[in-house]
Amino acid sequence: MRWSDSFIPTLRDAPADATAASHQLLVRAGFIRQLHSGHYSLLPLGLRVHNKVADIVRAEMDAIGAQEFLLPAMHPGDLWRRSGRWGVMGSEMFRLRDRNDTDVVLGMTHEEVFATLAAEMSSYRELPQTWYQIQTKFRDEPRPRSGLLRVREFMMKDSYSFDMDEAGLEDSFEAHREAYHKVFERLDLEVMAVQASSGAMGGDASVEFMVASPVGEDDVARCSRCGYRANIERARAAVPSLDDPPAGDAPERFATPGIRTIEALVSFEGGAPADRQIKTMVMVLDDQLTLVVLRGDHQLNLQKLADCSGAIDVRPATAAETLAELGANPGSLGAVGIDHLPIYADEALRGRRSMTTGANADDWHVRGVDVERDIIDPRWADLREVAAGEACVDCGNPLEIVRCIEAGHIFKLGRTYCEAMGVSVLDDNGVAQIPIMGSYGIGIGRAMAAVAETHHDERGLCWPVAIAPFEVVITVLDASDEAQSAAGEELRSGLAALGVDCLYDDRPLRPGVKLADAELVGVPYRVTVGARSLAQGNVELMQRSTRETRLVSVDEAVAVTAAEVGANRR
RNA sequence: CGGGAAGUGGCGCAGCUUGGUAGCGCACCUGCUUUGGGAGCAGGGGGUCGUGGGUUCAAAUCCCGCCUUCCCGACCA
């Protein structure tokens, strides 16, 4: 490909509203352009990378025996009503009506459609099956951000396994886990497989593949000693037990004028340290006002609350709702003696005595609270968010919290979708059985952005050979010089003949511009043809990531470059 | 949806406080010179100043509404 014929609109300045490195560089280097919020056009360079990522994913899926499909992006609304997710997905699902006033949706995921196809299976002999596609998903994200990292329209490889039983699902799940590790290794992404919450997808086990990056949107708790790794939405840590003095016979009310926060009560005369306070939060779980209590110095993780309650919509109550139900404002709330509202209590409060909490009257607290005696029939759950430095539950080592990009996610789904879609097969006894399903996803554009995020320097992108838009760029410094362009042409045709993916920079521009562009675009190898080296019969082979340069004779340049590229293709 | 910021040629910005009909750098076109790390000179093209309304003799500038985009939080590949 000749650069002079290509549409590679590089920019000297990044757009002002791009903050993530991958976003800035993909725009500057001419890979993507925004159409509107959360929707990006892939330019020729961007599509090349995208296709190479997709090809790697496809190859690894094929390698575990998965079969490729292509399903519609637009679905009948009724399909989603049957699975029950018409309601669950809320406003994140794009919905529209056709000319007959029929509800249609843009697919966010394809469990329903694949299950519909699976309904054609009728015998256990046809199982297991693993099906996948690489297809556009639409999600009306509340906040698209960071270029390709979080968008509303994106290509996802989504796969679905159908097995007769849990053991089969386990095999399919493990096959995917292995395949995903191979995919990310080929993309040169260092991933951590972590325990995760299943969220709106349902199901009981899920593993996320996380790439550490400050621009990520997830936090992972990690133990560097024993390897414990979990999304903060599921992570646990050991809480040292505290020795409480015995509580009195009953909680005691005391005046706390103006005290509205945990911290304020710590320093208040007659108050209590934060770990001897009970924090009371008023939440609304699917329209049900609910109290959530934690230790004063602990933080609530909303996803944990959603997971243990099964609620779809979880939000803090408004001050008005709180006042109406409890008769006090935030800062003076407590769960002691409350019997008309559901109460969730964090495990760390079990057995605690002599605790202090709000009295449900402004400017009053109660102390001497025995949690299990005074809080009526709470539902116990792990609700607290792990903090950095807390002890690993497995080995006691301090945990670290790492910001991550979620590059892939695998779920054990169970039988819900098959049941809803009427999928059943006869087993070897002629008895109808509902297959068990798994679902597995990798965002192609997100993976591409994650690579850009982790493979760049101050000059631009540094693509791994496996997914680089081109493997080699031949930079002819002075395209008007006959000797240089002759040498360049020879390299170009020689490398092309060996199947090397080559960009030939024959533009009549100043050398500085061409060298800077080559590095911005991030082609992993550059062969520089210039008068200085050529006079000695040499060209220069530079590796983008290290910027190591070596002189290679013109005669050997094709073979040496092709070998170097070949060795790094994976 | 809560909080913050911003919309002026392709990109980055100034102008707005104190209204007078739009400017700078990069990019682009033409010519000449230049050619190993984002050249120089000369000439040139391109903007309903997000949008609707209002105030005014006059609005990029002042006032009101709306739209859009970005950033921080709650959601997901």
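For the structure itself, look to the data block above.
Each chain carries its own residue numbering, running from 1 in the direction its sequence is written. Labels follow written order: the first chain is A, the first ligand is 1, and so on. Reporting in this predicted model follows two pLDDT cut-offs: at least 70 for local features of residues, and 80 or more for side-chain atom pairs to be given and counted; totals over whole chains, interfaces and linings ignore these cut-offs and use all residues. To get the side-chain values, all heavy atoms of the structure are used, and hydrogens and water are removed first.

Moving on, we get to the protein's contact with RNA strand B. The criterion for a residue being near a molecule or strand is simple. One of its heavy atoms has to lie within 4 Å of it. In the vicinity of RNA strand B there are 55 residues, among which R12, A16, R143, E519 and E540 approach most closely. Protein-adjacent atoms of RNA strand B, using a 4 Å cutoff, are sugar or phosphate at a proportion of 50%. A distance of 3.0 Å is found between a base oxygen of RNA strand B and a side-chain nitrogen or oxygen belonging to R446. Helix numbering and strand numbering both begin at the N terminus, where a helix is a DSSP run of H or I of at least 4 residues and a strand a DSSP run of E of at least 2. Of all the elements in the fold, those that place two or more residues in the surface near RNA strand B are β1 (32-36), β8 (153-163), α8 (302-309), β23 (400-414), β26 (436-443), α14 (511-521) and α15 (531-534). Among the elements that line the surface near RNA strand B, the one with the most residues is α14, at seven residues. Tallied by class, residues from the surface near RNA strand B come to 20 nonpolar, 14 polar and 21 charged. A 3.5 Å cut-off defines polar contacts: any pair of N or O atoms within that distance qualifies, except that in protein one atom must be a possible hydrogen donor and the other a possible acceptor, and neighbouring residues in sequence count only when both atoms are side-chain atoms. Under the scheme applied, nonpolar residues are Ala, Val, Leu, Ile, Met, Phe, Trp, Tyr, Cys and Pro; charged residues are Asp, Glu, Lys and Arg; polar residues are all the others, including Gly.

This next bit is on the sheet that holds strand β20 (residues 364-369). When DSSP finds two or more bridges between two strands, those strands count as paired. On the basis of which strands lie adjacent, the open sheet formed by three strands has the order β14-β20-β19 and antiparallel pairing. Looking along the sheet, the strands with just one partner apiece sit at the ends: β14 (252-255) and β19 (355-361). Taken pair by pair, the neighbouring strands of this sheet meet at an average axis angle of 35°, ignoring direction. As paired elements, β14 and β20 share four bridges and run antiparallel to each other. For E252, the partnering residue across the bridge sits in β20 and is R367. For helices, the fitted line uses only the C-alpha atoms of the stretch in contact; every axis is such a line through C-alpha atoms, and the angle between N-to-C directions lies from 0 to 180 degrees.

Moving on to the packing of helix α2 (residues 44-63) against helix α6 (residues 166-186). Where α2 meets α6, the closest approach of the two axes is 9 Å, and the angle between their N-to-C directions is 150°. On the basis of their axis angle, the class for α2 and α6 is roughly antiparallel. Judged by the sense of rotation from one axis to the other, the crossing of α2 with α6 is right-handed. Contact residues: I56, V57, A59, E60 and M61 in α2; H176, A179, Y180, K182, V183 and R186 in α6. Of the residues belonging to the contact of α2 with α6, the class tally is seven nonpolar, one polar and three charged. The cut-offs work like this: below 35 degrees is roughly parallel, past 145 is roughly antiparallel, 65 to 115 is roughly perpendicular, and the gaps in between are oblique. Left-handed describes a crossing whose near helix is turned anticlockwise from the far helix through less than a right angle; right-handed describes the clockwise counterpart. Contacts: residue pairs with any heavy atoms within 4.5 Å of one another.

What follows covers the packing of α2 against helix α12 (residues 444-454). A pair of packed helices is captured by two measures, namely the crossing angle of their axes and the spacing between those axes. Viewed as axis vectors pointing N to C, α2 and α12 meet at an angle of 110°, and their least axial separation amounts to 9 Å. On the basis of the axis angle, α2 is roughly perpendicular to α12. Mapping the contact onto sequence places G46, V49, H50, V53, A54 and V57 in α2 and I444, G445, A447 and M448 in α12. For the contact of α2 with α12, the per-class residue count stands at seven nonpolar, three polar and no charged.

Ring pairs (aromatic) are described by centroid distance and by the angle formed between their planes. Aromatic rings from Phe, Tyr and Trp, taking only the six-membered ring of Trp, are treated as a pair when their centres fall within 6.5 Å; an angle between ring planes under 30 degrees marks them as stacked, one over 60 as edge-to-face, and anything in between as tilted. Considering all chains together, one arrives at 11 aromatic pairs under this definition. With 4.9 Å between their ring centres and 35° between their planes, F69 and W131 make a pair best called tilted. With F69 in the loop between β3 (67-68) and β4 (74-76) and W131 in strand β7 (residues 129-138), the pair connects residues that are 62 residues apart, well separated along the chain. Overall, the relative accessible area of 6% leaves W131 in the buried class. Linked through ring pairs, F69, F114, W131, Y160 and F162 together constitute an aromatic cluster. Geometrically, a lysine NZ or arginine CZ counts as sitting over a ring once it is within 6 Å of the ring centre and also within 35 degrees of the ring normal. Geometry around W86 places R95 over its ring, the cationic atom sitting 4.5 Å from the centre. One residue, R492, lies across the ring of Y504, its end atom 5.9 Å from the ring centre. Each residue's exposure class comes from its accessible area (1.4 Å probe, protein chains only) as a fraction of the maximum for that residue type: buried when under 20%, exposed when over 50%, partly exposed otherwise.

Tracing the backbone shows D382 in the loop between β21 (379-381) and β22 (391-392). Residue D382 is classed as buried on the basis of its relative accessible area of 17%. At a separation of 2.9 Å, a polar atom in the side chain of D382 contacts the side chain of K304. Apart from residues lying up to four places away in sequence, D382 is in contact with A235, R236, K304, D346 and E347.

This part covers the nonpolar core. In these notes, a set of buried Ala, Val, Leu, Ile, Met, Phe, Trp, Tyr and Cys residues joined through side-chain atoms within 4.5 Å is what counts as a nonpolar core. Core analysis: the biggest nonpolar cluster contains 60 residues, and L26, F31, F184, L187, W463 and I467 have the highest contact counts within it. Each domain's extent was defined by an automatic or database domain assignment. Taken domain by domain, this core gets at least three of its residues from each of domain 1 (16-235 + 401-452) and domain 3 (470-567). Leave out the neighbours within four places in its chain, and F31 touches L26, S41, L42, L43, L45, G46, V49, M448, L461, W463, P469 and V521. Residues M108, A118, V423 and M437 belong to the second largest nonpolar core, which totals 25 residues.

A helix is expected to span 1.5 Å for every residue after the first. Here helix α13 (residues 482-497) is 16 residues long and its end C-alpha atoms lie 22 Å apart, about the 22 Å a rise of 1.5 Å per residue gives. Turning to α13, its buried residues number three or more, namely Q484, A487, G488, L491 and L495. Relative to the axis of α13, the buried residues are bounded by an arc of 100° and lie together on one face. α13 presents E482, E490 and A497 as exposed residues on the side facing more than 90 degrees away from its buried surface. A distance of 3.1 Å separates the backbone nitrogen of A483 from a side-chain oxygen at the start of α13, and that oxygen is part of D481. Two residues or fewer past α13, G499 is found with a positive phi of approximately 80°. The reported arc concerns the directions from the helix axis to the C-beta atoms and nothing else.

Once that is clear, we can look at the sheet that holds strand β32 (residues 538-543). Strand pairing in a sheet takes place through backbone hydrogen bonds and is either antiparallel or parallel in direction. The five strands are arranged β30-β29-β31-β32-β33 in an open sheet whose pairing can be described as mixed. The open sheet terminates on both sides in strands that have one partner only, identified here as β30 (502-505) and β33 (549-553). Going across the sheet, the axis of each strand differs from the next one's by a mean of 25°, ignoring polarity. Relative to strand β31 (residues 525-529), strand β29 (residues 472-476) runs parallel, the two sharing five bridges.

Of all residues except glycine, most have a negative phi; of all peptide bonds, most are trans. Geometrically, the link from L127 to P128 is a cis peptide bond, its omega value of -5° lying close to zero. Position of P128 among the secondary structure elements: in the loop between α5 (111-118) and β7. A positive phi angle, near 60°, is found at N360, a position not held by glycine. Among the structural elements, N360 can be located in strand β19. A positive phi angle, close to 75°, is found at D363, a residue other than glycine. As for its position among the elements, D363 is in the loop between β19 and β20. D363 sits in the partly exposed class, given a relative accessible area of 27%.

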